[in-house]
Amino acid sequence: MRFIGFIFFIFIAFYFQGCSAKNTLHPSEMFNQQEEPLSSDEIESNLEDEELFEEFADETDIEEIYDPFMRYNEVMTTFNDVVFENFFNPLAKGYKYVIHQEIRESVNNFFHNILFLPRFANNILQAKFKNATEETGRFVINSTIGVLGLFDVAKSQFNLEKHEEDFGQTLGFYGVGSGPHIVLPILGPSNLRDMLSLFPDALLSPINYDKSVCYTITDTWPEYIAVSAYNEINSLSLNLGEYEKLKKDAITLYPFLRDVYEQHRVKQIEE
Amino acid sequence: MLKRLLLICTVLLFTQNLAANDQTDLKNHFLKMIDEVTLIIGDNSLNKSIRNKKIIDVLTPTFDFELMAKLSLGKSWKKLNSQDKQQFVELYVKRMEKSYSSKIDVYSGEKVEIKKIEQAKRNRIALVTDLISNDENLEIVYKFHKPKEKIKGKDKWLIYDVEILGVSILKTDKAQFREYLKEHGISGLLTKLEQTL
């Protein structure tokens, strides 16, 4: 009997919940409720606005980003934000305080230089032969005259520009769509295409967790993580405040970072 | 026949010239504006808040904030009552000013160079610029439009969107506002904008 009473209670509870749900407004209705009869002035200005929207439609049309992992992404964005603010950012600040700017720049140049191979390969894969040649020139010059890549002589003396390319851009170049947006732990915003592209790029990278490739400077997971983290902190120390500056323009952090990332990637692929 | 051809030719030449004039005018105006801003930034006698205010005063006539506010709300704009419209534009302008100020604060002597001028339509010009620093160049595109009637106190050509490394302020704002409106409605968005100021 008690059991039936319990079932009855649950039933009633759900029933009323359903009722209250019916009374809540759909967001689009919230506007309609506020609407008052329009004056002729307002109708006129609305017509003008209509024209404006049509005129600028090509500039403001935004695609709805396919985002099935939204809930997970939001949680991961918050996690990353907390880790960044409480761990990486203070660490990089302390590091900046201790290490001289020029040394940090050289460390940055060194890492950039040894990551030449994935850049070169992706330039070739996209048939950007001129850029690939320039990258090769940069690598040869900086590795020799630039003392193992510590100094970017290629840029300062020979005017050879960097040409950043990764496998995600290569896939995008051949028309592969980005797939759902995925926020990676620590690494931040990404999408399915770019996430899977990390692997082929890592194969060519000398900072690697795989023992079999002979030219890598790291062989085990701990070494790999330590070196990558050091690289990140060093480059962060050269760009302190950028993230905070960006964050200020956000109303809600996750959709903002997602859109910024996706728009930026589209631009990179176009180039 | 020949006469007509000649006429067409002159008209074509003339219109092309006009377009070219628009472009050079705009370019010169833009460079002058940048010079003015750089001068204010270089003036060490000013404190931060006065300096930022001065810079915003220089920039304001070139920005069509009202249009930006409208476009960033998109279709939802029309559903607002006039009071909310006004409040939204005010908050939007304040938000842009604040965002710009925080960007000036980290400025450290970079130079602005115009790379390309693109004119998609008669009344639209995009200035593709590079912000040149010693490490990397930052591509910033300023998009101008020419309103049918000149707005009082504003320039002939007005900026309606800025694209930094491919990220459009307008598009990003639009996506953000749309998402926020879905969940919180206009009053929620207005409160949120006020909070972030």
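In this text, all values refer to a predicted model and were calculated from it rather than measured experimentally. (Residues numbered from 1 in each chain as written. Chains lettered and ligands numbered in written order. Predicted model: local features only at pLDDT ≥ 70, side-chain atom pairs only at ≥ 80, totals over all residues. Heavy atoms only, no water.)

1. Considerations on the overall build of chain A
Basically, it comes down to this: By definition, any uninterrupted DSSP run of H or I lasting at least four residues is a helix, any uninterrupted run of E lasting at least two residues is a strand, and each is numbered from the N terminus. Type-normalised accessible area, obtained with a 1.4 Å probe on protein chains alone, sets the label of each residue: buried when under 20%, exposed when over 50%, and partly exposed for intermediate values. Here the open area of atoms and residues is found with the Shrake-Rupley method and a 1.4 Å probe, where only the protein chains shown may cover a residue.
Of the regular secondary structure elements, chain A holds 14 helices and two strands. For chain A, the proportion of its 271 residues judged to be buried stands at 36%. Carbon and sulfur atoms provide 66% of the accessible area of chain A, an area that totals close to 16600 Å².

2. Quick look at the confidence of the model for chain A
To keep things clear, this is the line we draw: Scored from 0 to 100, pLDDT reflects the predictor's confidence in each residue. Contacts are assigned to residue pairs with any non-hydrogen atoms lying within 4.5 Å of each other.
Per-residue pLDDT for chain A has a mean of 81; in total, 82% of the residues score no lower than 70. Contacts from residues 1-35 of chain A, a stretch scored under 50 in pLDDT, to residues over four places away or in other chains number 13 contacts.

3. With respect to the nonpolar core
The following threshold applies: What makes a nonpolar core is a set of buried Ala, Val, Leu, Ile, Met, Phe, Trp, Tyr and Cys residues whose side-chain atoms join them at distances within 4.5 Å.
If you look at the biggest cluster of nonpolar residues, it comprises 47 residues, and the most contacted ones within it are B:Phe30, B:Leu73, B:Phe88, B:Tyr142, B:Phe144, B:Phe177 and B:Leu189. Elements supplying a minimum of two residues to this core: α1 (2-42), α2 (48-59), α3 (65-73), α4 (82-105), β2 (124-132), β3 (137-145), β4 (158-164) and α5 (169-196) of chain B. Here this core gets eight residues from one element, more than from any other, and that element is α5(B). Those residues in contact with B:Leu189 that sit more than four places away from it in its chain are A:Ile251, B:Leu73, B:Phe88, B:Phe177, B:Tyr180 and B:Leu181.

4. Some points on the pairing of β2(B)
All names here are of chain B. Stated precisely, the cut-off is as follows: Pairs of strands are assigned from DSSP output, requiring at least two bridges between the strands.
The buried fraction of β2 is high, at seven of nine residues. One ladder, built from eight bridges, connects strand β1 (residues 111-121) with β2; its direction is antiparallel. Each bridged residue has a counterpart across the sheet, and for Lys111 the counterpart in β2 is Ile132. Counting the residues that bridge the hairpin from β1 to β2 gives two residues.

5. Thoughts on a nonpolar patch on the surface
All names here are of chain A. Put simply, the test is: Patch membership needs two things, relative accessible area over 30% and no salt bridge, and members are linked within 9 Å if like-charged or within 5 Å if nonpolar (Val, Leu, Ile, Met, Phe, Trp, Tyr). When a carboxyl oxygen of Asp or Glu lies within 4 Å of a side-chain nitrogen of Lys or Arg, that pair is called a salt bridge.
On the surface, Val147, Leu148, Leu150 and Phe151 cluster together into a nonpolar patch covering about 360 Å² of accessible area. Its place among the elements puts Leu150 in the loop between α8 (129-144) and α9 (153-156). Accessibility expressed as a relative area gives 30% for Leu150, which makes it partly exposed.

6. Thoughts on the interface of chain A and chain B
Defined as follows: What counts as buried area is the accessible surface, traced by a 1.4 Å probe, that two parts surrender upon association, with contributions from both included. As used in this structure description, the phrase polar contact means that two N or O atoms lie within 3.5 Å; if the pair is within protein, one of them must be able to donate a hydrogen and the other to accept it, and residues adjacent in sequence are counted only when both atoms belong to side chains. Each residue is assigned to one of three groups, with Ala, Val, Leu, Ile, Met, Phe, Trp, Tyr, Cys and Pro labelled nonpolar, Asp, Glu, Lys and Arg labelled charged, and all others, Gly among them, labelled polar.
Taken together, the contacts link 39 residues of chain A with 50 residues of chain B. In total, about 4300 Å² of surface goes out of reach between chain A and chain B, with carbon and sulfur atoms giving 51% of it. On the surface where chain A and chain B come into contact, there are two salt bridges. A salt bridge links A:Lys267 to B:Glu139; the nearest nitrogen and oxygen atoms lie 2.7 Å apart. Connecting chain A to chain B are nine residue pairs in polar contact (both at pLDDT 80 or more). Put simply, the parts of the chain that give the side of chain A that touches chain B at least two residues each are α2 (27-34), α3 (40-55), α4 (57-60) and α14 (253-270) of chain A. Split by residue class, the side of chain A that touches chain B holds 13 nonpolar, six polar and 20 charged.

7. Concerning the packing of α2(B) against α4(B)
Residues and elements named next belong to chain B. For the record, the criterion: For helices, the fitted axis covers only the stretch in contact; all axes are lines through C-alpha atoms, and the angles between them, taken along N-to-C directions, range from 0 to 180 degrees. In what follows, roughly perpendicular refers to angles from 65 to 115 degrees, roughly parallel to angles under 35, roughly antiparallel to angles over 145, and oblique to any angle outside these ranges. Throughout, a crossing is termed right-handed when the near helix is turned clockwise from the far one, and left-handed when it is turned anticlockwise from it by less than a right angle.
Between α2 and α4, the least distance of the axes is 10 Å, while the angle of their chain directions is 120 degrees. On the basis of the axis angle, α2 is oblique to α4. At the point where α2 passes α4, the crossing takes the right-handed sense. Residue-level inspection shows Lys48, Arg51, Asn52, Ile55, Ile56 and Leu59 of α2 in contact with α4, the latter providing Glu97, Tyr100, Ser101, Ile104 and Asp105. Its residues placed into classes, the contact of α2 with α4 shows five nonpolar, two polar and four charged.

8. Considering the side chain of A:Asn231
Residue and element names in this part refer to chain A. Looking at where Asn231 falls in the secondary structure, it is placed in helix α12 (residues 221-238). Judged by relative accessible area, which is 13%, Asn231 ranks as buried. Among all residues touching Asn231, those that are not within four sequence positions of it are Asn108 and Phe111.

9. Brief notes about α5(B)
Going by this rule: An expected span of 1.5 Å times one less than the residue number is assigned to each helix. To get the bend at a residue, fit one axis to the 7 residues ending there and another to the 7 starting there, then take the angle between the axes.
Taking 1.5 Å per residue as the helical rise, α5(B) with its 28 residues ought to reach 40 Å, whereas the 17 Å between its terminal C-alpha atoms falls clearly short. Of all the bends found along α5(B), the most pronounced is centred on B:His184 and spans about 115 degrees.

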